[in-house]
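# Structural overview for review
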Amino acid sequence: MSTFKTLDDLDPDQRVLVRLDLNSPVEDGEVQDNRRFERHAETVRELAEAGHRVVLMAHQGRPGDDDFVSLDQHADILAEHVGRDVSFVADTDGDDAIEAIESLASGEILLLENTRMCEDELPEEHPDDKAKTEFVQTLAPLFDAYVNDAYSAAHRSHASLVGFPLELPAYAGRVMQTEYEANSAIATREFDGQVTMVVGGTKATDVIDVMNNLGEKVDRFLLGGIAGELFLRAAGHDVGFDVDDADLFDDQWEENHETIESLIEERGDQISLAADLAYEGPEGGRAEVSVEDIDEKDRSYLDIGSDTVAEYEPVIHDSEAVFVKGALGLFEDERFSNGTVGVLRAIAETECFSVVGGGDTSRAIEMYGLDEDDFGHVSIAGGAYIRALTGASLVGVEVLERN
Ligand SMILES: Nc1ncnc2c1ncn2[C@@H]1O[C@H](COP(=O)(O)OP(=O)(O)OP(=O)(O)O)[C@@H](O)[C@H]1O
Ligand SMILES: O=C(O)[C@H](O)COP(=O)(O)O
């Protein structure tokens, strides 16, 4: 269990500085609404309704990238979810920001500019050094309390995440609390029955690391996606190679093949690999082939096949807990959604404890009309979820606990 303070411990009528994670996809300059807004809105609404003065910080993108943009659109999207006005100031810690903070009334909400536009924010340094930056030293005296709700950014030792909690009484927001508890469950909880982990997606290196760390905690790994193909390659099949323009496999193979080979050797009986795969057939439809019949490295496979889905479903139905990291196929294309959706549907039908993680993978839930309430927890974290699964600590959480 966590040992940080929560909103339940906050004194009334506070000037609160709150760190959210509103980092979102940006398409043609337009910020896309997503689960992060909806989730953080609950924390923000609770604080505003309680009559606190609420000042929000968040980041968007990384300097130099196309999605490194201002947070002005984020303020509007968040306001829709909170059901209250969210004003925005295009400044992080200068005079405009200070004036806007000081003129805030009880129950009002203000969003500051992208924290990564402040030069003190980014270099990853020790929390004690981040606390000494001008950014933190300028803003902290304007507040009574700091709330960190940005679980999904808590693996970053950035000023807005680790500096302020050393200067102000610090509390976990509702998203921080919920994410922390659910995502740490695999490392901290004992389950009576079978624990299953569904492993897929494109970042094979990350998930292979998780498998390597969780072998004792997980009874069955069900594989798909890029990681699944790399395991099939290690088992001697002609899949998991870059063909056409793909660059998903060969580099990750170089980096991971020794770990994959030792995992197959040591934990082969815990690991289920696809028996068949799907690809784009000559007429443009979905075609399937048994893995045993593949004898040429000549095409890209985009989903696990129907026989594999039929093998994976009963494993899920028999599980006490299921953790998902990564999609089993290119589910954004309906032709290749069967694997991911089949497995998610099986989880939704089962009374197990479940966590679905990964920003991309969890999008399949609404895309295919599944009900989020049928899952134990749908995480809004990417890198932080991976770290939590391996039992690694998150610096943003450590600092909250230290406070
Ligand atoms: N065989 C495949 N070929 C191409 N893409 C695939 C394949 N299998 C899965 N994917 C892609 O994997 C993606 C999801 O996994 P990914 O590792 O990118 O992230 P995630 O864990 O969901 O999210 P995050 O980005 O937050 O870590 C999906 O967008 C899906 O299209
Ligand atoms: O979107 C995320 O996963 C977090 O906001 C962290 O973003 P970063 O990887 O750019 O630090």
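Note that the structure is a prediction, hence the values are computed from the model and not measured.

## Comments concerning the packing of helix H10 (residues 225-234) against helix H11 (residues 250-267)
Where H10 contacts H11, the axes come no closer than 9 Å and their chain directions differ by 65 degrees. Handedness of the crossing formed by H10 with H11: right-handed. Where H10 approaches H11, its residues Ile226, Leu230, Phe231, Arg233 and Ala234 are matched on the opposing element by Asp250, Gln252, Trp253, Ile260, Glu261, Leu263 and Ile264. Here the residues of the contact of H10 with H11 are counted per class, giving eight nonpolar, one polar and three charged.

## Topic: the sheet that holds strand S1 (residues 15-19)
Reading across from one edge, S5-S6-S4-S1-S7-S8 is the order of the six strands in this open sheet, with parallel pairing throughout. Because the sheet does not close on itself, it has two edges, and the strands there are strand S5 (87-88) and strand S8 (170-172). Of the strands in this sheet, strand S4 (53-57), S5 and strand S6 (109-111) touch helix H2 (residues 72-82), which is tilted by about 150 degrees from S6.

## A short note on the nonpolar core
Counting 65 residues, the largest nonpolar core has Leu112, Phe164, Met197 and Phe323 as the members making the most contacts within it. Here this core gets six residues from one element, more than from any other, and that element is helix H9 (residues 204-214). When residues of this core are sorted by domain, at least three fall in each of domain 1 (7-180 + 395-402) and domain 2 (184-370). Setting aside anything within four residues of it in sequence, one finds phenylalanine 323 in contact with Ala182, Ala185, Ile186, Phe191, Val195, Thr196, Met197, Val198, Phe353, Val355, Tyr385 and Leu389. In terms of nonpolar packing, the next biggest core, distinct from the first, is built from 36 residues, Leu328, Leu344, Ala348 and Val356 among them.

## What about the site of ligand 1?
Near ligand 1, the surroundings consist of 19 residues, among which Lys203, Lys325, Glu332, Gly359 and Thr361 are the closest. One of the side-chain N or O atoms of threonine 202 is found 2.9 Å from an oxygen atom in ligand 1. When ligand 1 is considered free in solution it has 640 Å² of accessible area, and contact with the protein chains removes 87% of it. Counting only elements with at least two residues in the shell around ligand 1, the list comes to H10 and helix H14 (359-367). At three residues, the largest contribution of residues to the shell around ligand 1 is made by H14.

## Remarks on the UniProt feature "binding site: ATP" (unreviewed entry) in the protein chain
Within this numbering scheme, the UniProt entry marks Glu332, Gly358, Gly359, Asp360 and Thr361 as carrying the feature "binding site: ATP" (unreviewed entry). The largest pairwise C-alpha distance within this set of annotated residues, which runs over 30 residues, is 14.3 Å, so the set is compact in three dimensions. Among the residues just listed, Thr361 line the largest cavity. Structurally, the position occupied by glutamate 332 is in the loop between strand S15 (319-325) and helix H13 (338-349). Given the relative accessible area of 5%, glycine 358 is considered buried. Sequence-distant contacts of glycine 358, that is, excluding residues within four places in its chain, are made with Lys325, Ala381 and Tyr385.

## A few points about the pattern of salt bridges
Counted under the stated rule, the structure contains 20 salt bridges. Of the charged contacts, one joins lysine 130 and glutamate 125 as a salt bridge, the two residues approaching to 3.1 Å between their closest N and O atoms. Taking the relative accessible area as the measure of exposure, lysine 130 reaches 0% and is therefore buried. Put simply, lysine 132 and aspartate 129 hold a salt bridge, and the shortest N to O gap is 3.9 Å. The structure contains a network of salt bridges with shared partners spanning Arg35, Arg39, Glu179, Glu366 and Glu372.

## Some details on the UniProt feature "binding site: substrate" (unreviewed entry) in the protein chain
According to UniProt, the "binding site: substrate" (unreviewed entry) feature falls on Asp21, Leu22, Asn23, Arg36, His59, Gln60, Gly61, Arg62, Arg116 and Arg156. Inspection of the secondary structure assignment puts aspartate 21 in the loop between S1 and strand S2 (26-27). Discounting residues that sit within four places of it in the chain, aspartate 21 has contacts with Arg36, His40, His59, Ala150, Ser152 and Ala153. Separated by 3.0 Å, the side chain of aspartate 21 and the backbone nitrogen of asparagine 23 make a polar contact. Structurally, the position occupied by arginine 62 is in the loop between S4 and H2. Residues within four places of arginine 62 in sequence aside, it is in contact with Asp67, Phe68, Arg116 and Arg156.

The rules behind these values
- Residues numbered from 1 in each chain as written.
- Chains lettered and ligands numbered in written order.
- Predicted model: local features only at pLDDT ≥ 70, side-chain atom pairs only at ≥ 80, totals over all residues.
- Heavy atoms only, no water.
- Axes fitted to C-alpha atoms, helices over the stretch in contact; angles between N-to-C directions.
- Helix = DSSP H or I, 4+ residues; strand = E, 2+ residues; numbered from the N terminus.
- Left-handed = near helix turned anticlockwise from the far one by under 90°.
- Contact = heavy atoms within 4.5 Å.
- Nonpolar A, V, L, I, M, F, W, Y, C, P; charged D, E, K, R; others polar.
- Pairing = 2+ DSSP bridges.
- Core = buried A, V, L, I, M, F, W, Y, C linked by side-chain atoms within 4.5 Å.
- Buried < 20%, exposed > 50% of the residue type's maximum accessible area, 1.4 Å probe, protein only.
- Domains from an automatic or database assignment.
- Near = heavy atom within 4 Å.
- Polar contact = N/O pair within 3.5 Å; in protein donor to acceptor, adjacent residues only side chain to side chain.
- Areas by Shrake-Rupley, 256 points an atom, 1.4 Å probe, with all protein chains shown as cover.
- UniProt positions renumbered as here; feature names shortened; annotations may be inferred.
- 1 Å grid on protein atoms, 1.4 Å probe; cavity = no way out; pocket = protein on both sides within 12 Å on 5 of 7 lines; lining within 4 Å.
- Salt bridge = Lys/Arg side-chain N within 4 Å of Asp/Glu carboxyl O.

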